[in-house]
Amino acid sequence: MPQSRFAALLSQHDLPPSLIYLAPVLPVVQVMWADGRNQIPERAKLQVIIQDHCRALAQLAGGMEVVTQADIDIFDRTFVAQKPNPSTLSPFFEVASELLSGRSEEGKAKNDSLYQREKLFQACLEIAATCPAEVGSGPNEMFARRIVDAERSYIEKVFELLPRAK
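Turning our eyes to something else, we now look at the side chain of S18. Within the fold, S18 resides in the loop between α1 (2-12) and α2 (26-33). Non-local contacts of S18, meaning those with residues more than four positions away in its chain, are made with V66, V67 and D71.

Shown next as structure tokens:
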């Protein structure tokens, strides 16, 4: 069961159990770090994405705060402020992906949380496109290369989580 494995990972890294609700943010974080750096505009956009996700969770919980600002700060220090060790981030990303892929879209109320796969996919695209990877400088290069191959790889993994058309 992915929830219990995620809870075990949190415990192993001395992180609060409430961070399980931020599991859907981890694919976005993975895309952000894919090019090996964390740029200020990406970090600012990620904070907006996290706040929107937490607001949506609170709405689903009838107005109750599900993830505190202190929890968000711990998440930020652990995964965003400095590049996490890949051996730390990868297991969290894998279990978060399992958590998300196991969720059925049927019977779920529409909301703006990142548990909605389309919202998660859009968040990953937004982070990847926030800062260009390379700026085209040649006379025949019209466009900047906005998304590096590693970012694209993680976005494709998130795309696989999207529900299939029936």
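This part takes up the packing of aromatic side chains. Per the counting criterion, the structure on display carries three aromatic pairs. Here F75 and F79 contribute two aromatic rings whose centre-to-centre distance is 5.1 Å and whose plane-to-plane angle is 50 degrees, an arrangement assigned as tilted. In this pair, F75 and F79 are both assigned in helix α4 (residues 69-80), four residues apart and thus about one turn of the helix distant. No difference in accessibility class separates F75 from F79, as the two residues are buried. Ring centres 5.2 Å apart and planes at 75 degrees place the aromatic pair F79 and F92 in the edge-to-face group. In this pair, F79 is assigned in helix α4 and F92 in helix α5 (residues 86-101), connecting sequence segments 13 residues apart. For F79, a relative accessible area of 1% gives the class buried. For F92, a relative accessible area of 1% translates into the label buried. Three or more aromatic residues joined by ring pairs form one cluster here, namely F6, F75, F79 and F92.

Moving on, we come to the pattern of salt bridges. For the structure shown, the criterion picks out five salt bridges. In this structure, K45 engages E126 in a salt bridge whose closest nitrogen and oxygen atoms are separated by 3.0 Å. Placement of the pair is K45 in helix α3 (residues 40-60) and E126 in helix α6 (residues 117-130), with a sequence separation of 81 residues.

The next point concerns helix α7 (residues 149-159). The complete set of buried residues in α7 reads E151, I155 and V158. Considered in projection along α7, the buried side chains sweep an arc of 55 degrees and stay on one side of the axis. Away from its buried face, by an angle of more than 90 degrees, α7 presents the exposed residues D149 and R152. Looking at the packing, one finds that the buried side of α7 touches α2, α3 and α6.

As a further point, take the nonpolar core. F6, V29, L46, F75 and F79 are the most contacted members of the largest nonpolar core, which totals 42 residues. Where this core is concerned, the elements lending two or more residues are α1, α2, α3, α4, α5, α6 and α7. With near-sequence residues (within four places) excluded, L46 lies in contact with V25, V28, V29, M32, V80 and I127.

About the criteria used
- Residues numbered from 1 in each chain as written.
- Predicted model: local features only at pLDDT ≥ 70, side-chain atom pairs only at ≥ 80, totals over all residues.
- Heavy atoms only, no water.
- Helix = DSSP H or I, 4+ residues; strand = E, 2+ residues; numbered from the N terminus.
- Contact = heavy atoms within 4.5 Å.
- Phe/Tyr/Trp six-rings, centres within 6.5 Å; stacked < 30°, edge-to-face > 60°.
- Buried < 20%, exposed > 50% of the residue type's maximum accessible area, 1.4 Å probe, protein only.
- Salt bridge = Lys/Arg side-chain N within 4 Å of Asp/Glu carboxyl O.
- Arc of directions from axis to C-beta.
- Core = buried A, V, L, I, M, F, W, Y, C linked by side-chain atoms within 4.5 Å.

In short, shape yes, function no, at least from these values alone.
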